[in-house]
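# Coordinate inspection notes
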There are 4 protein chains.
Amino acid sequence: MSLTAAVSGASGYAGGEVLRLLANHPEVEIGAVTAHSSAGGRLGELQPHLHPLAERVLTETTAENLAGHDVVFLALPHGASGELATQLGEEVLIIDAAADHRLESASDWESFYGSAHQGTWPYGLPELPGQRDQLIGARRIAVPGCYPTTVLLGLAPAFAAGTVEPDDVVVVAATGTSGAGKSLKPHLLGSEVMGGMSPYGVGGVHRHTPEIEQGLTRVAGQPVQVSFTPTLAPMARGILATCTARIGPGVTASQLREAYAAHYAAEPFVHLLPEGQWPATKQVLGTNHVTLQLAVDNRAGRVIVVAASDNLTKGTAGGAVQSMNLALGLPETTGLTMIGAAP
Amino acid sequence: MSLTAAVSGASGYAGGEVLRLLANHPEVEIGAVTAHSSAGGRLGELQPHLHPLAERVLTETTAENLAGHDVVFLALPHGASGELATQLGEEVLIIDAAADHRLESASDWESFYGSAHQGTWPYGLPELPGQRDQLIGARRIAVPGCYPTTVLLGLAPAFAAGTVEPDDVVVVAATGTSGAGKSLKPHLLGSEVMGGMSPYGVGGVHRHTPEIEQGLTRVAGQPVQVSFTPTLAPMARGILATCTARIGPGVTASQLREAYAAHYAAEPFVHLLPEGQWPATKQVLGTNHVTLQLAVDNRAGRVIVVAASDNLTKGTAGGAVQSMNLALGLPETTGLTMIGAAP
Amino acid sequence: MSLTAAVSGASGYAGGEVLRLLANHPEVEIGAVTAHSSAGGRLGELQPHLHPLAERVLTETTAENLAGHDVVFLALPHGASGELATQLGEEVLIIDAAADHRLESASDWESFYGSAHQGTWPYGLPELPGQRDQLIGARRIAVPGCYPTTVLLGLAPAFAAGTVEPDDVVVVAATGTSGAGKSLKPHLLGSEVMGGMSPYGVGGVHRHTPEIEQGLTRVAGQPVQVSFTPTLAPMARGILATCTARIGPGVTASQLREAYAAHYAAEPFVHLLPEGQWPATKQVLGTNHVTLQLAVDNRAGRVIVVAASDNLTKGTAGGAVQSMNLALGLPETTGLTMIGAAP
Amino acid sequence: MSLTAAVSGASGYAGGEVLRLLANHPEVEIGAVTAHSSAGGRLGELQPHLHPLAERVLTETTAENLAGHDVVFLALPHGASGELATQLGEEVLIIDAAADHRLESASDWESFYGSAHQGTWPYGLPELPGQRDQLIGARRIAVPGCYPTTVLLGLAPAFAAGTVEPDDVVVVAATGTSGAGKSLKPHLLGSEVMGGMSPYGVGGVHRHTPEIEQGLTRVAGQPVQVSFTPTLAPMARGILATCTARIGPGVTASQLREAYAAHYAAEPFVHLLPEGQWPATKQVLGTNHVTLQLAVDNRAGRVIVVAASDNLTKGTAGGAVQSMNLALGLPETTGLTMIGAAP
């Protein structure tokens, strides 16, 4: 191992998942692990599943502590990455799991995040058309949001093939509670979550909405409008995204299946399932996979694509490591779990 | 108590919920409880939560055993109610929780159910415009499906007020596993269900699709097309339906809110929540309530209505008892739980 | 209705459950509902399942606000009830869900709670030998803890019949997360709770330990020692207590079954299940029931009694209302749910 | 890779977990995968989480199909391994996940399993005193049961150090539903399991009881009696075992901690947690680890040891692969997951 990586936000779910993957990565050694309010704590207490790292002690998240590594993972609230990146210098590979450098549109950024736009970094979703090349050799990477990862992989082939209409995409997605992080909010208590479902961010106000639209617009080559509704499901991990778009005139299900199969034929992590088999979040938990299936509803004039992912793996830390591999010239799948534990 | 009720399918989830409600109903005495493969068993073993009925023994589901009651609840697979109804005679109030008599369109019935159309009975969703009157004094009632109940109550006011377009409704709903009944299928095992989500019946093939379209078409006065996708959530009870429709020109969120508030102002079981509060299935579990909230997404040109219900209560047995009350001239809320246990 | 009740701690799980039961109680009208940090909030937002009470607004928990009612329920942290009781006066029926007045032993109180002993109030578990009489007409009632309720009902008949040894009782119990209240602690987050189990308070340090020992000692007429280990299960409600004691010489399983059957023959809420059927928490959720079953393991020389309860109902609010009924001269079962919703 | 392994019972949970681990094992290539009723099916459909193996097709479980491999894993119901082993020959390493060759006592075997005793094979729990040597070079291995694995690792150091009494051990354990396999039984349906807990096999009748007693008796050098009660928890994986024994005269908590620390100091998979931290099943899910913590309750005269494991990994397939590594002369940890996915 010749490369070292620092992980900030190491007491949270995203940071913990980065550490889980890096601990199994043959080319990267884990250096500094940092946090804010948990600085000084042992990983063994804060992330008790990371057995081999149990004795590591978290230090404060500062540029000083993060410096001196080949790669720095930022699993911090948005707003923190810009200054740290400047302090760490241009030669360090910085992989930001926050939203700061995802959106091209300054007005979208400002209206959804309420702060000054900071420009974009290469977008860490190599399966999108043309995107892989931007990540090879990059030194700044913006990790996509967990919902955008799932929805974009679910709909990109349909738009790339010109088979669906851009003006009325509807997505309803269910997420596990880890998507909300470890923040202590009443509605995230186990007593509240178990046994029930609820929506949030309804009406186009969720911050992942413009990110989904931006990604689909790039693929489609024309503006795409999305109605996006996220819901909270009684499970710790996983996203199930039901994505529908109006189907173009004369487009058939078999054409769509062929387009999807061709689009992802060479991808190690995105899979159109055999006909008749539907994605389920448990089949991808802990892995970097996204599974897909589609159906055409001629009665309603829509294609329905269902995509399943693990919000913490492909949706966050796995996507981050995959992009890191590309940036560092490593095989893209290095260190990434191909099989999760089920049931 | 002067009225007696027989309950068939009493070993299943729907039948068990009918018994739970009837046991608390001040005007109805439970008579025969019948089943098929569980005939001969004690309720205390088959439905151990029904403590006061523990010593009741199930008899075989036959017209003979069901005869002699004022009301007969049929919680059986579809296909069984027609002949039983004929045998029981016209004077008995028969409340059918199966689909046999819901669909007006013979071709819809035949294509979705694959058997001969049997005509319709009064549809037990009194909150739909004009529907309550059909139930008063009725002797045959078709209980709506759990998804149609939730979706129709979620979208009816928008269509009744002419505020949305009929040609591109999209609904994605999550259900608890009790919606699939007690059938022993591998994908319904706890090990498979817990911790994950999956879709089923995708592409307009779920049998509740034409029932939803029929109900919305009646309210809209013109054909409504619905793309409906159900998903299975890791919870025992509850439906969360995310219903979206293209909003009509110039329609505002406040107009919609007013339409909904007015539509349900007098309803004891359907509630538009105060602005800012969203439905959650746990707030209605075990009750006959449906809670609603809506948002307008001007960017996407859609209204999103989220509706929460208990698939076994308002979605099946509660709706059945509510309709029974109307048919028998009792106050509509008699015997129906107004507060469930939470968390 | 001629009686009024005030409920403090109305934003929490215990207070919410008291309100759920009182809302269905035919002889009691709900008066003031009070809280501390949530004062000023609507019940519709804080306890959205309490539909009929949605418009009630919480006031501050003060003696002034609680005064003027026939009954006052205190669902507050321990330490609060003594002063409030003094201020409210001797004529008011005060029902305290906290621990303050449960333990006779000042040294036990001081070593487990770390504050000055306040004496005891009548202990609200009428099914214990001699206990019901103390509650009739009482004006102060100490509601038992949820674990003691379950364990004492599970073991009392064995000790009352002199069939087990007092010196080595072992109890391991699993509780739903609502037992820990709504406090915002990381280990109570849904992401942490779902899909796993963990112990807490191991080694005889849980505060319910001396309460269990006190109750069993009273029944046995000699000191009883208990090893008690609680565990946290991935469910919102319910306690499953596995209680074992060394069996006395020559005692048989059928003798024990007879002792239990006789002990609870007249009890409306405690039930020895038929042989071969075992308690499960879901069969009592939302109800005031406790179900029991026992087996004798001659190889190990122990009787194992398993008891299932709902920690919020019989374990807290239901027990409180049952005791209130006795204190006020009402039928003991008034307003108490006999059938919960399952599955 | 020079070694090949066949896996029978590959459609079940145990077989699936063996495949998950072998797919990540650098020295073993997966050969035949066999099943009974699922023969002819694709792994992609039956075990959809095993992505890299999706195209493998199951063949019938016969000696012919299993022959020609270096290692054969039997994940079959008990009763099947004896004849297959004879047919496969003495040179093949056979690892049996069923109970056939675990119990030395013919009378225990016959009374708990009701068939003829078949003798014992080396017991695949290398962390027990003296056990590792029996596995090195073995060609027959009996994989311990999931409960015995967890309980024996939890109590062995206390007995090895002579610190506890042998005559009154009490164990209560909670398991995830995968412990019951994929069998289609009503009480294993998600609707029944979610949100509740229940016991089973109470009173010393669970088949793992004599296996636990046998293991502890070996370690203690004198007969050990155990009262064992298993319970079913609403989670897919994991065992939490609360193990208590009467503490010997004068034994202190620090002596016990030292005994445990020393006993497991060199073990890669069994860990006494730092004082104050308690085992939780989620911290070991998907891994081969067992975590332990203990407390002494002087009031009750007992030590309480809590042990957490994954019933499918260390409790079945992980233990099997660990033993295979020893038998084949590979490093003991080869191919075994050290970090699971959490939360």
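Quick caveat, the model's predicted, so the values are computed rather than measured.

## Quick word on the relation of the copies chain B and chain A
Expressed as a screw transformation, the operator carrying chain B onto chain A has a rotation angle of 180° and an axial translation of 0.0 Å, and the superposed copies differ by an RMSD of 0.0 Å. On the angle and the small slide along the axis, the relation comes out as a two-fold axis. Both copies contact each other with a shared surface, as 100% of the interface residues of chain B are interface residues in chain A too.

## Examining the pairing of strand β2 (residues 28-35) of chain B
All names here are of chain B. The buried fraction of β2 amounts to six of the eight residues, a majority that puts the element mostly inside the structure. Two elements, strand β1 (residues 3-7) and β2, share four bridges in a ladder whose sense is parallel. The residue bridging T4 from the neighbouring strand is E29, located in β2. Once you follow β1 into helix α1 (residues 13-23) and on to β2, the crossover reads as right-handed. Relative to strand β3 (residues 59-60), β2 is paired through two bridges, and the arrangement is parallel. Along β3, the bridge assignment pairs A35 with E60.

## Brief notes about the sheet that holds strand β3 (residues 59-60) of chain C
Pairing in this open sheet of six strands is parallel, and the strands run β3-β2-β1-β4-β5-β6 (chain C) from one edge to the other. For this open sheet the edge positions go to β3 and β6 (140-142) of chain C, each flanked by a neighbour on one side alone.

## Some remarks on the pattern of salt bridges
Inspection of every chain in the model, using the stated rule, returns 60 salt bridges over all chains. For B:E104, the salt bridge goes to B:R218, with nearest N and O atoms at 2.9 Å. Taken together, the residues span a long stretch of sequence, with B:E104 in the loop between β5 (93-96) and α5 (106-113) and B:R218 in helix α9 (residues 208-220) at a distance of 114 residues. Ionic pairing is found between C:R237 and C:D310, a salt bridge with its closest N-O pair at 2.8 Å. Taken together, the residues span a long stretch of sequence, with C:R237 in the loop between β9 (226-232) and β10 (239-246) and C:D310 in the loop between β13 (302-309) and α11 (313-328) at a distance of 73 residues. Across the pair, C:D310 and C:R237 agree in class, each one buried. Here the residues in one salt-bridge network are A:D168, A:R246, A:R302, B:D168, B:R246 and B:R302, joined through shared partners.

## Considering the domain arrangement of chain A
Think of interface size as the accessible area that goes away when the parts come together; that is how it is often given. All names here are of chain A. Here chain A is partitioned into domain 1 (3-143 + 314-328) and domain 2 (147-311). Counting from both sides, the interface comprises 27 residues of domain 1 and, opposite them, 31 residues of domain 2. Between domain 1 and domain 2, the buried area comes to about 2400 Å², and carbon and sulfur atoms account for 52% of it. Of all residues in domain 1, Y13, F112 and K314 bury the most surface against domain 2, accounting for 27% of the area lost on that side. Here E17 and R237 are joined by a salt bridge, their closest N and O atoms 2.6 Å apart. Counting every contact that joins domain 1 to domain 2 gives 18 residue pairs in polar contact (both at pLDDT 80 or more). Of all the elements, helix α11 (residues 313-328) adds the most residues to the side of domain 1 that touches domain 2, at six residues. Split by residue class, the side of domain 1 that touches domain 2 holds nine nonpolar, ten polar and eight charged.

About the thresholds
- Residues numbered from 1 in each chain as written.
- Chains lettered and ligands numbered in written order.
- Predicted model: local features only at pLDDT ≥ 70, side-chain atom pairs only at ≥ 80, totals over all residues.
- Heavy atoms only, no water.
- Least-squares fit on C-alpha atoms with pLDDT ≥ 70 in both.
- Contact = heavy atoms within 4.5 Å.
- Buried < 20%, exposed > 50% of the residue type's maximum accessible area, 1.4 Å probe, protein only.
- Helix = DSSP H or I, 4+ residues; strand = E, 2+ residues; numbered from the N terminus.
- Pairing = 2+ DSSP bridges.
- Right-handed = clockwise from strand over helix to strand, strands pointing away.
- Salt bridge = Lys/Arg side-chain N within 4 Å of Asp/Glu carboxyl O.
- Domains from an automatic or database assignment.
- Buried area = accessible area lost by both parts, 1.4 Å probe.
- Polar contact = N/O pair within 3.5 Å; in protein donor to acceptor, adjacent residues only side chain to side chain.
- Nonpolar A, V, L, I, M, F, W, Y, C, P; charged D, E, K, R; others polar.

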